[in-house]
Amino acid sequence: MVRIAILMAMKNEARTLLQSLDLRQQKQPFRSGVPFELFQGRFAKAQLSVVVSGTDPEFHVDNVATVPAALMTYLAIEKCNPDLVLNAGTAGGFGGRGCEIGDVYLGSGTFCFHDRRIPLPGFDRYGIGRYSCYDTSSLAAELHLKTGIISTGNSLDLQGKDLQLILENQAVIKDMEAAAIAWVCRSLSVPMIAVKAITDLVDEGAPTETQFLQNFHLAVKNLQIKTIELLQHLQKIKDC
Ligand code: SAH
């Protein structure tokens, strides 16, 4: 049976998807102090695990960004031994590169960082990452999804130097987790796909945080629909 682990940074991103799946929450799935939540069950013939990053005990918000994402990925792979990791979430997009609010993208090409600037020989390239992405082109064509390079950083806002690196990375999508998850998946040789719904256009309109809150529900609904389609499709590939 194929095992799929879906990793999600925010409870509100995951809620709609979890409602549409028949999964059971595991009590204390990781050692005490680890905040991640685990939901497991069957999806058609697949064994499905959804891991959500949980809440910070001091700040009472979701554990977003790269540090929890990397740890969550490692623990999810240890615990669930997935054949495939799916990082599902929201993201910013570049209107100038064809993104529209509510679009759902599959990461393609590479996963990069835009806020790890280490101008020393070799470390400069290490900082950017540029980890190869599983080829999502035929999946995207089948499911009518757009594709683009995802660039990851630890900030929701967009500062000048980050923008320059995102453009150099030829990224279309900006998020806070994908490249961190990709690093762990590359290290442990687990294929990974990122599916991201656009909440905000980073090069147009109102400040990111305003757009994010305004468009969050639309993006999360589209993310749920497309993630289910993706799971159904992956199932078909496995059947062949
Ligand atoms: N204001 C939100 C904070 C969420 S942080 C709240 O109060 O709940 C943003 C999350 O959405 C991260 O997990 C990140 O991956 C994603 N995201 C959405 N738009 C983004 C953008 N423009 N830049 C970076 N990450 C973005």
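Owing to the predicted nature of the structure, the values given are computational and were not obtained by experimental measurement.

**Q** Sorry, what's going on with the environment of Met1 here?
**A** Topologically, Met1 is positioned in the segment before strand E1 (3-8). Sequence-wise, Met1 and Lys45 are 44 residues apart; in three dimensions their C-alpha atoms are separated by 6.4 Å. Contact partners of Met1, with chain neighbours within four places excluded, come to Arg42, Lys45, Ala46, Gln47 and Asp83.

**Q** Please explain the site of the ligand as it appears in this structure.
**A** Near the ligand, the surroundings consist of 17 residues, among which Met10, Lys174, Met176, Glu177 and Asp200 are the closest. Contact between the ligand and Thr199: a nitrogen atom at 3.4 Å from a side-chain N or O atom of the residue. Asp200 places a side-chain nitrogen or oxygen 2.6 Å from a nitrogen atom of the ligand. Relative to its free-state accessible area of 580 Å², the ligand is covered by the protein chains to the extent of 82%. Counting residues per element, the shell around the ligand draws most heavily on strand E5 (residues 84-93), which supplies three residues. Here the shell around the ligand is composed, by residue class, of eight nonpolar, five polar and four charged.

**Q** Sorry if this is basic, but what is going on with the pairing of strand E4 (residues 46-52) here?
**A** Side chains on a regular strand alternate between the two faces of the sheet. Among the seven residues in E4, six count as buried, and that is most of the element. In this sheet, E4 lies alongside E1 in parallel orientation, the contact comprising six bridges. Looking across to E4, one finds that Ala5 is bridged to Ser49. Here seven bridges tie strand E3 (residues 37-43) to E4, and the two strands are oriented antiparallel to one another. The partner of Gln40 across the bridge, within E4, is Ser49. As consecutive antiparallel partners, E3 and E4 are separated by two residues, and within that stretch Ala44 has a phi angle of approximately 50 degrees, a positive value.

**Q** Could you clarify how one ought to interpret unusual backbone geometry in this entry?
**A** Both trends apply: most residues other than glycine have a negative phi, and most peptide bonds are in trans. You will see that Gln28, though not glycine, has its phi angle at about 45 degrees, which is positive. Mapped onto the secondary structure, Gln28 falls in the loop between strand E2 (24-25) and E3. At Ser189, a position not held by glycine, the phi torsion is positive, near 55 degrees. Here Ser189 is to be found in the loop between helix H6 (178-187) and strand E10 (192-201).

**Q** Please explain the packing of aromatic side chains as it appears in this structure.
**A** For any pair of aromatic rings, geometry is given as the distance between the ring centres together with the angle between the planes. This structure, assessed with the given rule, holds three aromatic pairs. Taken together, a centroid distance of 6.3 Å and an interplanar angle of 85 degrees make the contact between Phe113 and Tyr131 edge-to-face. With Phe113 in strand E6 (residues 104-113) and Tyr131 in strand E7 (residues 131-132), this residue pair connects regions lying 18 residues apart in the sequence. Each member of the pair Phe113 and Tyr131 is classed as buried. A ring pair is formed by Phe212 and Phe216, whose centres lie 5.2 Å apart and whose planes are at 45 degrees; its orientation type is tilted. Of this pair, Phe212 and Phe216 are both found in helix H7 (residues 208-239), four residues apart, which corresponds to roughly one turn of the helix. By relative accessible area, Phe216 is classed as buried at 9%. A cation over a ring is seen here: Arg116 above Phe113, with NZ or CZ 3.8 Å from the ring centre. Above the ring of Tyr126, the side-chain terminus of Arg116 is found at 5.0 Å from the ring centroid.

About the cut-offs
Residues numbered from 1 in each chain as written. Predicted model: local features only at pLDDT ≥ 70, side-chain atom pairs only at ≥ 80, totals over all residues. Heavy atoms only, no water. Helix = DSSP H or I, 4+ residues; strand = E, 2+ residues; numbered from the N terminus. Contact = heavy atoms within 4.5 Å. Near = heavy atom within 4 Å. Polar contact = N/O pair within 3.5 Å; in protein donor to acceptor, adjacent residues only side chain to side chain. Areas by Shrake-Rupley, 256 points an atom, 1.4 Å probe, with all protein chains shown as cover. Nonpolar A, V, L, I, M, F, W, Y, C, P; charged D, E, K, R; others polar. Buried < 20%, exposed > 50% of the residue type's maximum accessible area, 1.4 Å probe, protein only. Pairing = 2+ DSSP bridges. Phe/Tyr/Trp six-rings, centres within 6.5 Å; stacked < 30°, edge-to-face > 60°. Lys NZ or Arg CZ within 6 Å of the ring centre and 35° of its normal.

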